[in-house]
Amino acid sequence: MRKKINLTVSLEVFQREEWATDEIELVEQAKIAVENAHAPYSNFMVGAALLLENGKVFSANNQENVSFPVGICAERAVLSYAMANYPDSRPVKLVIIAKRREDKVWATVTPCGLCRQTINEYEIKFGHAIEILMLNPQGELLKASGIDQLLPFRFNDLNG
Ligand code: THU
């Protein structure tokens, strides 16, 4: 080996009192959404809330299927809905929360690989990073400034 390529990634940690007003609203919406998750197989309930540049907030949750691979994650559900209906408004912030059905505390959640690639797609479409905020069991928000923090060496250019 003659050369090595290193990428450094990081998440910022924000206490409740440091959250922006729109982040408080997104967490509230995600908490409502998580309760409506259709997760009878995993009992792992996920809620996602998305702020678009036009100020609209959307939320969704995971929708599982008896044929397991058919299920869709909360993040892709909310991004698909928002982008289908407001294709010209840039996604700004995505909040993700999760809990196991019987648990009182929030579960740690970071987007799965398919969802990371989906977030990447909308970063490419709008030429702008999307902030990804994940609630941890301590009630802090972990913030990724963009998908490059979660998907290093991402595939984002057919001509690259
Ligand atoms: N899930 C999400 O909705 N988002 C994630 O980021 C991780 C996983 C869902 C998929 C499945 O319904 C359940 O959580 C367990 O994997």
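Residues numbered from 1 in each chain as written. Predicted model: local features only at pLDDT ≥ 70, side-chain atom pairs only at ≥ 80, totals over all residues. Heavy atoms only, no water.

## A short note on helix α3 (residues 113-126)
Here's step 1: Taking 1.5 Å of rise per residue, the 14 residues of α3 would be expected to cover 20 Å, and the 20 Å separating its terminal C-alpha atoms lies within 8% of that figure.
Here's step 2: Considered for burial, the residues of α3 that qualify are C115, R116, T118, I119, N120, Y122 and E123.
Here's step 3: Close packing links the buried residues of α3 with α2 (74-85), β4 (91-100) and β5 (131-135).
Here's step 4: In the stretch just after α3, G127 is the one whose phi turns positive, near 60°. (Helix = DSSP H or I, 4+ residues; strand = E, 2+ residues; numbered from the N terminus. Expected span 1.5 Å × (residues − 1). Buried < 20%, exposed > 50% of the residue type's maximum accessible area, 1.4 Å probe, protein only. Contact = heavy atoms within 4.5 Å.)

## Regarding the nonpolar core
Here's step 1: L50, V78, L94, I96, I119 and I132 are the most contacted members of the largest nonpolar core, which has 27 residues in total.
Here's step 2: Elements with a minimum of two residues in this core: β2 (44-52), β3 (57-61), α2, β4, α3, β5 and β6 (141-144).
Here's step 3: With six residues, α2 is the single largest residue contributor to this core.
Here's step 4: Excluding anything up to four places from it in sequence, I132 contacts L94, I96, P111, I119, L142, K143, A144, G146, I147 and L150. (Core = buried A, V, L, I, M, F, W, Y, C linked by side-chain atoms within 4.5 Å.)

## Overview of the side chain of N120
Here's step 1: Of note, N120 is situated in helix α3.
Here's step 2: Dropping the residues within four chain positions of it, N120 is found in contact with I147, L151, R154, F155 and N156.

## Side note on the UniProt feature "domain: CMP/dCMP-type deaminase" (unreviewed entry) in the protein
Here's step 1: UniProt feature "domain: CMP/dCMP-type deaminase" (unreviewed entry): in the numbering of this structure it lies at residues 21-158.
Here's step 2: For residues 21-158, helix accounts for 30% and strand for 24%, while the C-alpha atoms at its two ends are 38 Å apart. (UniProt positions renumbered as here; feature names shortened; annotations may be inferred.)

## Side note on the layout of surface pockets
Here's step 1: Of the voids in this model, the largest pocket is the one considered here, and its volume is about 250 Å³.
Here's step 2: Lining the largest pocket are 19 residues; nearest its centre among them are S42, N62, E64, I72 and C73.
Here's step 3: Elements represented by at least two residues in the lining of the largest pocket include exactly β2 and α2.
Here's step 4: When residues in the lining of the largest pocket are grouped by element, the largest group, three residues, is from α2.
Here's step 5: Taken together, the residues that form the lining of the largest pocket break down as 11 nonpolar, five polar and three charged. (1 Å grid on protein atoms, 1.4 Å probe; cavity = no way out; pocket = protein on both sides within 12 Å on 5 of 7 lines; lining within 4 Å. Points joined across faces, edges and corners; volume = space filled by probe spheres on them. Nonpolar A, V, L, I, M, F, W, Y, C, P; charged D, E, K, R; others polar.)

## Some remarks on the site of the ligand
Here's step 1: In the vicinity of the ligand, the contacting residues are S42, F44, V46, N62, E64, C73, A74, E75, V109, T110, P111 and C112.
Here's step 2: Here an oxygen atom of the ligand sits 2.5 Å away from a polar atom, N or O, in the side chain of E75.
Here's step 3: The contact in question runs from an oxygen atom of the ligand to an N or O atom on the backbone of T110, over 3.4 Å.
Here's step 4: In isolation the ligand has 370 Å² of accessible area, and contact with the protein removes 76% of it.
Here's step 5: The cavity that encloses the ligand is the largest pocket.
Here's step 6: The residue inventory of the shell around the ligand, partitioned by class, reads seven nonpolar, three polar and two charged. (Near = heavy atom within 4 Å. Polar contact = N/O pair within 3.5 Å; in protein donor to acceptor, adjacent residues only side chain to side chain. Areas by Shrake-Rupley, 256 points an atom, 1.4 Å probe, with all protein chains shown as cover. Sits in = over half its atoms within 2 Å of the grid points.)

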